[in-house]
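One-letter residues, chain by chain:
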There are 2 protein chains.
Amino acid sequence: MQFIQISGRSLLAVFFLTTWGFTLLAATPASDLRVNAGRIEARILQLGTFGANPGGGVSRVAFSAADLQGREYLMALMREAKLEVTVDAAGNIIGHRAGSDPALPPILFGSHSDSVPNGGNYDGQAGVLAAIEVAQVLFENHVVTRHALEVIIFVDEEGGLIGSKSFVGHLSPGVLAEQSHAGVTIAEGIRRLGGDPEHLDHAAHRSGEYAAFLEMHIEQGAVLDSEGIDIGVVTGIVGIDWWDMIVQGMANHAGTTPMDRRQDALIAAAQLVLAVNRIITSEPGAQVGTVGRIRAEPGAPNVIPGRVVASLEIRDLSNARILDLFARIETEALGIARATGTTISFRKSPIHETAAATDGAIRNTIANVARRLGYSSKRMPSGAGHDAQAIASIMPMGMIFVPSVGGISHSPEEFSDSEAVARGANVLLHTILALDGNPRERSLKPEE
Amino acid sequence: MQFIQISGRSLLAVFFLTTWGFTLLAATPASDLRVNAGRIEARILQLGTFGANPGGGVSRVAFSAADLQGREYLMALMREAKLEVTVDAAGNIIGHRAGSDPALPPILFGSHSDSVPNGGNYDGQAGVLAAIEVAQVLFENHVVTRHALEVIIFVDEEGGLIGSKSFVGHLSPGVLAEQSHAGVTIAEGIRRLGGDPEHLDHAAHRSGEYAAFLEMHIEQGAVLDSEGIDIGVVTGIVGIDWWDMIVQGMANHAGTTPMDRRQDALIAAAQLVLAVNRIITSEPGAQVGTVGRIRAEPGAPNVIPGRVVASLEIRDLSNARILDLFARIETEALGIARATGTTISFRKSPIHETAAATDGAIRNTIANVARRLGYSSKRMPSGAGHDAQAIASIMPMGMIFVPSVGGISHSPEEFSDSEAVARGANVLLHTILALDGNPRERSLKPEE
């Protein structure tokens, strides 16, 4: 609905109709603006040359020489799009574009440019180049929005949302001393990028400073690709909790201990693995639960396992629901322990991510924009963490997913088609225009 | 029955009644002969000083300096018992005692004196000192058996039945080049003991050369101890087969892959672990099946396991039954693979031990002797491997188990009470006397 209002207005607005939220110096109606798919693709591939691995893919981990080169390249592109580029105290790159109404808070959008070791060219990077493309298209078409716009390239997303947590003032000070993938501490890395780790508070923002945040990102899953859907309208970013599950039985000689005299920790652990799966899938919803690591001790083929340690990860859009599911697993474990003559305990890992809902009105806007552009869309959670998760603590936030071929991510095989990325960038562009045109209605509309 | 005949006769035989199989120079009737529990215990403890660990237990691995010292000590005891001591080409120590009828083949009995690294004082060693004690008691009571007797101390049992396999000519030549626990090759180790690894054939024997083999050994399990039974009449030594079970699923992001799109190799592996347990316990019998080792790959809490490799061990008194049980597991695995979208394959490990039945008439004799001595007994398989397993290929064989406190073995906590060991040694003594008295009936009698 919002988009249609805006585009309806924009057809009437030919010159300097700043009342309507943007200014057209050229003849193209705002609703007809489209990103340049070939340009985005070429830039993704160019960015991928910094830190490229001989066998394919990229290792442009935060703070590495390749990261510095990639950031220089991106800052040049931002300047080409007439963005005013600064680096904040955390090392985040911010490209500012003035709006027509200085009283309005800026709309923020972007993603991250760092990769995991031996990663691909799309995770984060597609979103960064889509954001720069949006600024470029607005510049080329002489569109001035009411709100200022800021393109942001977050630092070290893969190391734990370092840039976005700093941006909202939530980075734990202890993290600065941790080793990054580049082999230097986070603090030293931030210095390398021109940041100021001693004054991270200078990079921190508060509620009200920004109107909204938008991030386009590859799905990193196979849902959109396998269902042939163009756009994922992200309903929220899941919370994550990790536990260690410890099963204590009795190690014993596998030859001399009859079957009915065993306290086999692996038998109990196998039941527990299946119980986790059964409990997680027993309710409708997007929750996932995974046992990814398991170790039997002492771990010899001829010794009955006396102890098994396995990981448990639960993700859901609600942290409370994660704890509910965990409580059901704990209860089930009691019964398994009783039946197998073992004890089962759970040790909470420090790994905890708070779930972040996207803004209902922004979700509607993204879905409406996609429909208007002729793209299919689907509401879906993000099972992976994103900078948007941190940013959501101080502003309304929305995320746009584009399909990952085969759902492959964090791998040299990671790939998203240039047209798929361009569709995401077009949705990003028109969602920004829609939010810019009607910001006050945004948060008041109930979700469709 | 046999024992009662013998002892009945022995009460009549006071001087040189060699017709009845042994000669009494002293007044003690043969049926009243008993080992000296305190002497056996003292010698076990003395042997345990060679290679004693500061924290308890012993590391007298084959070919180590401690092993050499222990063997010197044992050879001195054997000479004290008036055994004629030789070392064969494999390094086995043999103590010979002439019989009254040179036409009869010797009765062989003994065990091994080496320990596992950080082992205890009873595994093998109790049997060796029981065997020497038997020779000592016969000497002290001037008993001459019809058959010659040979006490044997096998070399490197813990390294893979090296001495006993050599004794029957079954040691694979390649094994000689393998590293022993002592850090030298098996060949070099045998040389250290005075053996001749280039001429192992000199140590090899054939069917008919010996009348029978008897081994007293600690149970290394908890059956006798927990049931309060004195003597285990070993029905056979189990065969052993190992496999690797390989489950191939699809590794994937644990956050972005919905539960219904997973091919989680660990879910399949957990079902497989439980299926192994269910199939093994679905039939009566002494068979055991164990999954002792499991590894999920890549093994991160936030990645769905794409591959799981787990061990499978099955032991039974029949190698054919092991293969039958394995075939049932394979069939079940097919169904699990289909249901979980994975593939499951089995790779045979080279680990294979052929099951060895004990001789039915010797089992009867052991049981009758135990009853006559007032000891409770139970027929039971040996789930662990023993030298007797190799020896069974060339002569009738029997094994006598004594209780292990708590079933603990291969550990400094390994313990068998001195009275329990003495009961086993008494059964060994009187079984030898029984077999000596009536050898021709032995293999003709059906098992009770």
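On a predicted model such as this, the values are computed, not experimentally measured, just so you know.

The number of helices and strands found in chain A is 13 helices and 18 strands. Residues counted as buried form 61% of the 448 residues belonging to chain A. Long-range pairs, those at least 24 residues apart, make up 79% of the contacts in chain A with a sequence separation of at least 6. Element-wise, carbon and sulfur atoms account for 54% of the exposed surface of chain A, whose accessible area totals about 16100 Å².

The next thing to look at is the side chain of B:Glu158. Structurally, the position occupied by B:Glu158 is in the loop between strand S6 (149–154) and helix H5 (162–167). Nearest to the buried, unbridged B:Glu158 among oppositely charged side chains is B:Arg60, at 9.5 Å.

Rotating chain B by 180° about the axis while translating it 0.0 Å along that axis superimposes it on chain A, leaving an RMSD of 0.1 Å. Both copies of the chain, as the preceding transformation shows, are related through a two-fold rotation axis. When each C-alpha of chain B is compared by its distance to the rotation axis, B:Ala270 comes out closest, at 2.2 Å. Interface overlap between copies is the fraction of interface residues in one copy that are interface residues in the other; for chain B against chain A it reaches 100%, indicating a shared surface.

With that out of the way, let us pick up the packing of aromatic side chains. Where two aromatic rings form a pair, the distance of their centres and the angle of their planes describe that pair. Counted under the stated rule, the structure contains 14 aromatic pairs over all chains. For the ring pair B:Trp243 and B:Phe326, a centre distance of 4.0 Å and an interplane angle of 5° mean the geometry is stacked. Separated by 83 residues along the polypeptide, B:Trp243 in strand S9 (residues 239–248) and B:Phe326 in helix H9 (residues 319–340) bring together distant segments of the chain. Assessed through its relative accessible area of 5%, B:Trp243 is described here as buried. Here B:Phe326 falls in the buried class, since its relative accessible area comes to 9%. Where B:Phe326 meets B:Phe346, the ring centres are 5.2 Å apart and the plane angle is 90°; that geometry is what we call edge-to-face. With B:Phe326 in helix H9 and B:Phe346 in strand S15 (residues 343–353), this residue pair connects regions lying 20 residues apart in the sequence. In textbook terms, an aromatic cluster arises when at least three aromatic residues are bridged by ring pairs, as seen for A:Phe154, A:Phe167, A:Tyr210 and A:Phe213. The ring of A:Trp243 is capped by A:Lys348, whose NZ or CZ atom sits 5.0 Å from the centre of that ring.

It is worth spelling out the confidence of the model for chain A at this point. Residue and element names in this part refer to chain A. Residues of chain A with pLDDT of at least 70 account for 92%, and the chain-wide mean is 91. Counting interchain partners and residues more than four positions distant, the pLDDT-below-50 stretch residues 1–21 has 48 contacts. Of the regions scoring below 50 in pLDDT, residues 439–448 engages in 25 contacts with residues more than four places distant in sequence or in other chains. Of the two predicted TM-score estimates for the complex, the pTM is 0.81 and the ipTM is 0.82.

Residue and element names in this part refer to chain A. Inspection of the secondary structure assignment puts Thr 331 in helix H9 (residues 319–340). Of the residues examined, Thr 331 reaches a relative accessible area of 55% and is grouped as exposed. A polar side-chain atom of Thr 331 sits 2.9 Å from the main-chain carbonyl oxygen of Ala 327.

Before going further, it helps to spend a moment on the pattern of salt bridges. Residue and element names in this part refer to chain A. Under the defined criterion, the tally for this structure stands at 34 salt bridges over all chains. Close ionic contact of Arg 191 with Glu 188 constitutes a salt bridge, the shortest N to O distance being 3.5 Å. One end of the pair is Arg 191 and the other is Glu 188, both in helix H6 (residues 186–192) and three residues apart, which spans about a single turn. Several salt bridges converge on common partners, so that one network encompasses Glu 283, Asp 316, Arg 321 and Arg 328.

Here we take up the interface of chain B and chain A. Contact residues are listed per partner, giving 50 residues for chain B and 50 residues for chain A. For the pairing of chain B and chain A, the buried interface totals around 3900 Å² over both sides, and the portion due to carbon and sulfur atoms is 64%. Sorting the residues of chain B by area buried against chain A places B:Met259, B:Arg261 and B:Pro301 first, and these three jointly supply 17% of that buried surface. Across the chain B-chain A interface, the total number found is two salt bridges. The closest approach of N and O atoms between B:Glu227 and A:Arg261, which form a salt bridge, is 2.9 Å. Along the contact surface separating chain B from chain A lie ten residue pairs in polar contact (both at pLDDT 80 or more).

It is worth spelling out helix H10 (residues 360–372) of chain A at this point. Residues and elements named next belong to chain A. Here H10 spans 18 Å end to end across 13 residues, near enough to the 18 Å set by a 1.5 Å rise per residue. By the criterion of burial, H10 is predominantly enclosed, with eleven of the 13 residues buried. Looking only at H10, the buried set comprises Gly 360, Ala 361, Ile 362, Arg 363, Asn 364, Thr 365, Ile 366, Ala 367, Asn 368, Val 369 and Ala 370. Within two residues after H10, Gly 374 carries a phi angle of roughly 85°, on the positive side.

The next thing to look at is the side chain of B:His112. By secondary structure assignment, the location of B:His112 is in strand S4 (residues 107–112). Residues in contact with B:His112, not counting those within four places in the same chain, are B:Asp123, B:Gly124, B:Gln125, B:Val128, B:Ile153, B:Phe154, B:Glu157, B:Glu158, B:His217 and B:Asp387.

What follows covers the domain arrangement of chain A. Residues and elements named next belong to chain A. Each assigned domain of chain A is listed here: domain 1 (36–237 + 358–436) and domain 2 (239–353). Distance from the C-alpha centre of domain 1 to the C-alpha centre of domain 2: 37 Å. Residue-level contacts link eight residues of domain 1 with five residues of domain 2. For the pairing of domain 1 and domain 2, the buried interface totals around 470 Å² over both sides, and the portion due to carbon and sulfur atoms is 53%. Among the residues of domain 1 in contact with domain 2, Pro 381, Gly 383 and Gln 389 are the three that bury the most area, contributing 55% of the side total. Taken together, the connections running from domain 1 to domain 2 amount to zero salt bridges. Joining domain 1 to domain 2, the criterion identifies one residue pair in polar contact (both at pLDDT 80 or more).

This brings us to the pairing of strand S12 (residues 294–297) of chain A. Residues and elements named next belong to chain A. Alternating residues of S12 divide into Ile 294 and Ala 296, all buried, and Arg 295 and Glu 297, none buried. Alignment of S12 against strand S14 (residues 307–316), held across four bridges, turns out to be antiparallel. Within S14, the residue paired with Glu 297 across the bridge is Arg 307.

Residues and elements named next belong to chain B. Contact geometry for helix H4 (residues 125–140) and helix H12 (residues 418–437): axes closest at 9 Å, N-to-C directions at 55°. What the angle tells us is that H4 and H12 run oblique. Once H4 is placed against H12, the crossing between them reads as right-handed. Contacts between H4 and H12 involve Ala 126, Ala 130, Ala 131, Val 134, Val 137 and Leu 138 from the former and Val 421, Ala 425, Leu 428, Leu 429, Ile 432 and Leu 433 from the latter. For the contact of H4 with H12, the class distribution of residues is twelve nonpolar, no polar and no charged.

Residues and elements named next belong to chain B. Taken N-terminus to C-terminus, the directions of helix H2 (residues 37–47) and H12 make an angle of 110°; their axes are 9 Å apart at the nearest point. Classed by the angle they form, the pair H2 and H12 counts as roughly perpendicular. Handedness of the crossing formed by H2 with H12: right-handed. Mapping the contact onto sequence places Ala 37, Ile 40, Glu 41 and Ile 44 in H2 and Ser 418, Glu 419, Val 421, Ala 422 and Ala 425 in H12. Here the contact of H2 with H12 is built from residues that sort into six nonpolar, one polar and two charged.

What follows concerns the pairing of strand S18 (residues 397–402) of chain A. Residues and elements named next belong to chain A. Burial runs high along S18: six of the six residues are buried. Every second residue of S18 is oriented toward a common face, with Met 397, Met 399 and Phe 401 on one face and Gly 398, Ile 400 and Val 402 on the other, all of them buried. Alignment of strand S7 (residues 212–218) against S18, held across six bridges, turns out to be parallel. Looking at the pairing, Leu 214 lines up with Gly 398 of S18. Sheet topology note: the strand S8 (residues 231–237)/S18 ladder contains two bridges and is antiparallel. Directly across from Val 233, in S18, lies its bridge partner Ile 400.

Residue and element names in this part refer to chain B. Taking 1.5 Å per residue as the helical rise, H9 with its 22 residues ought to reach 32 Å, and the 31 Å between its terminal C-alpha atoms agrees with that figure. Buried within H9 are the following residues: Asn 319, Ile 322, Leu 325, Phe 326, Ile 329, Ala 333, Ile 336, Ala 337 and Thr 340. The buried residues of H9 occupy an angular sector of 120° when the element is viewed end-on, so they sit on one face. Of the exposed residues in H9, the ones pointing more than 90 degrees away from its buried face are Asp 324, Thr 331, Leu 334, Arg 338 and Ala 339. Buried residues along H9 sit against S9, helix H8 (265–280), strand S14 (307–316) and S15. Sitting at the amino-terminal end of H9 is Ser 318, which places a side-chain oxygen 3.2 Å from the backbone nitrogen of Ala 320. One or two steps after H9, the chain reaches Gly 341, where phi turns positive at roughly 70°.

Conventions and cut-offs
- Residues numbered from 1 in each chain as written.
- Chains lettered and ligands numbered in written order.
- Predicted model: local features only at pLDDT ≥ 70, side-chain atom pairs only at ≥ 80, totals over all residues.
- Heavy atoms only, no water.
- Helix = DSSP H or I, 4+ residues; strand = E, 2+ residues; numbered from the N terminus.
- Buried < 20%, exposed > 50% of the residue type's maximum accessible area, 1.4 Å probe, protein only.
- Contact = heavy atoms within 4.5 Å.
- Areas by Shrake-Rupley, 256 points an atom, 1.4 Å probe, with all protein chains shown as cover.
- Lys, Arg positive; Asp, Glu negative; His and termini not counted.
- Salt bridge = Lys/Arg side-chain N within 4 Å of Asp/Glu carboxyl O.
- Least-squares fit on C-alpha atoms with pLDDT ≥ 70 in both.
- Phe/Tyr/Trp six-rings, centres within 6.5 Å; stacked < 30°, edge-to-face > 60°.
- Lys NZ or Arg CZ within 6 Å of the ring centre and 35° of its normal.
- pLDDT = per-residue confidence, 0-100.
- Polar contact = N/O pair within 3.5 Å; in protein donor to acceptor, adjacent residues only side chain to side chain.
- Buried area = accessible area lost by both parts, 1.4 Å probe.
- Expected span 1.5 Å × (residues − 1).
- Domains from an automatic or database assignment.
- Pairing = 2+ DSSP bridges.
- Axes fitted to C-alpha atoms, helices over the stretch in contact; angles between N-to-C directions.
- Parallel < 35°, antiparallel > 145°, perpendicular 65-115°, else oblique.
- Left-handed = near helix turned anticlockwise from the far one by under 90°.
- Nonpolar A, V, L, I, M, F, W, Y, C, P; charged D, E, K, R; others polar.
- Arc of directions from axis to C-beta.

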